[in-house]
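Fold and contact review
Okay, here's what each chain looks like letter by letter:
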Amino acid sequence: MTLSMNTPTESTTDNTVTVAQMAQAREERAFLQKQLLDTYHKPLVCFMLNIPGPVKVRPEYRPVFDAGLQKILTACKAHDIAVLEQKTRYPVTGYEFYAVLDAQPLIIKKELSVLEEETPIGRLYDIDVLTPDLQKISREELGLPPRKCLICNNDAHVCGRNRTHTVAQMIEAIFHLIQSDSK
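In this report, the structure presented in the accompanying data block is examined. (Residues numbered from 1 in each chain as written. Predicted model: local features only at pLDDT ≥ 70, side-chain atom pairs only at ≥ 80, totals over all residues. Heavy atoms only, no water.)

1. Thoughts on the overall build of the protein chain
Let me state the cut-off plainly: In DSSP terms, a helix is any run of H or I states spanning at least four residues, a strand is any run of E spanning at least two, and both are numbered starting from the N terminus. Atoms counted for the radius of gyration: C-alpha only. Globule rule: 2.2 Å times residue count to the power 0.38.
Summing up its helical and strand segments, the protein chain has five helices and five strands in all. Along the protein chain, from the amino end to the carboxyl end, the secondary structure elements read β-α-β-α-β-β-α-β-α-α. In terms of overall size, the protein chain behaves like a compact globule, its C-alpha atoms giving a radius of gyration of 16 Å where 183 residues would be expected to give roughly 16 Å. Seen through its C-alpha atoms, the protein chain measures out along the principal axes to roughly 40 × 35 × 35 Å.

2. Quick word on the pattern of salt bridges
Note the cut-off: In what follows, salt bridge is the name for a side-chain nitrogen of Lys or Arg lying within 4 Å of a carboxyl oxygen of Asp or Glu. Whether a residue is buried, partly exposed or exposed follows from its accessible area with a 1.4 Å probe, protein chains only, as a fraction of its type maximum: under 20%, in between, or over 50%, in that order.
Summed over all chains, the structure comprises eleven salt bridges. Residue Arg-139 pairs with Glu-116 through a salt bridge whose shortest N-O separation is 3.2 Å. Pair noted here: Arg-139 is in the loop between β5 (125-130) and α4 (156-162) and Glu-116 is in helix α3 (residues 105-117), with a separation of 23 residues, a long-range link. Linking Arg-139 and Glu-117 is a salt bridge whose minimum nitrogen-to-oxygen distance equals 2.6 Å. Residue Arg-139 is located in the loop between β5 and α4, and its partner Glu-117 is located in helix α3; the two are separated by 22 residues in the primary sequence. The class of Glu-117 is partly exposed, set by a relative accessible area of 44%. Because the salt bridges share partners, they merge into one network encompassing Glu-28, Arg-29, Arg-89 and Glu-96.

3. Details of the packing of aromatic side chains
Between two aromatic rings, the relevant description is the distance of the centres plus the angle of the planes. The following threshold applies: Only centres within 6.5 Å qualify two rings of Phe, Tyr or Trp (six-membered ring in Trp) as a pair; their planes then separate them into stacked at under 30 degrees, edge-to-face at over 60, and tilted for everything else. Two conditions define a charge located above a ring, namely a distance within 6 Å from the ring centre to NZ of Lys or CZ of Arg, and an angle within 35 degrees of the ring normal.
This structure, assessed with the given rule, holds six aromatic pairs. Summarising the aromatic geometry, the rings of Phe-65 and Tyr-95 are spaced 5.3 Å apart at their centres and angled 45° between planes, so their arrangement reads as tilted. Here Phe-65, found in helix α2 (residues 61-78), pairs with Tyr-95, found in the loop between β3 (82-89) and β4 (96-102); they are 30 residues apart in sequence, far enough to count as distant. The burial state of Phe-65 is the same as that of Tyr-95; both residues are buried. Within the aromatic cluster, the residues linked to one another by ring pairs are Phe-47, Phe-65, Tyr-90, Tyr-95 and Tyr-125. Stacked on the ring of Tyr-95, the Lys or Arg Arg-62 has its end atom at 5.9 Å from the ring centre.

4. Let's talk about the nonpolar core
Defined as follows: Side-chain atoms within 4.5 Å are what join buried Ala, Val, Leu, Ile, Met, Phe, Trp, Tyr and Cys residues into a set we call a nonpolar core. Contact definition: two residues touch when any of their heavy atoms are within 4.5 Å.
Counting residues in each nonpolar core, the largest one holds 33 residues, and the members touching the most others are Phe-47 and Leu-49. Mapped onto this core, the elements with two or more residues apiece are β2 (44-49), α2, β4, α3, β5 and α5 (167-181). A per-element tally of this core places α2 first, with seven residues. When residues no more than four places from it in sequence are discounted, the contact partners of Phe-47 are Phe-65, Gly-68, Leu-69, Ile-72, Tyr-95, Glu-96, Phe-97, Tyr-125, Asp-126 and Ile-127. Core analysis: the next-biggest nonpolar cluster, separate from the first, contains eight residues, Leu-44, Cys-46, Tyr-98 and Val-100 among them.

5. Quick look at unusual backbone geometry
Notably, His-41 is not glycine yet its phi reads approximately 55°, a positive angle. Mapped onto the elements, His-41 comes out in the loop between α1 (19-40) and β2. Judged by relative accessible area, which is 55%, His-41 ranks as exposed.

Encoded structure:
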């Protein structure tokens, strides 16, 4: 098992990212995902936080990410799912964790979807499971309902697509969730 840790890019300065930086980050994530899948031909877990807006990295987010990462590894161990390789990155565009796992993709998605649902803070977790041929396993394939909006509990994708809530409202809801979770 390999663990790669980049130096965190958090700072007290402005961490606002541009659209170009986000596009570049998506390309880098896709490249890394393909590289890991091509190397192992096993399912891949990709974990990030659901953070709207142009600031993806704040000191308050790091403990949430680290806790989610540990929950993923703990769930894998509890279900005898071998972690073949893992990588953790901390770019200004958002924290990233990747794990190549030795299990069936649907089983992995089923076990890790629980983490998104079991506690309120899990609503911030974005845990994707990719098959060796780069197909994303959806919640619907497991009969799970769509993710809920942090603010109104409607379908999160609908609220996002319709821009029902402002970034400021969503960030306020995220900070409230983090504060409630730390009590």
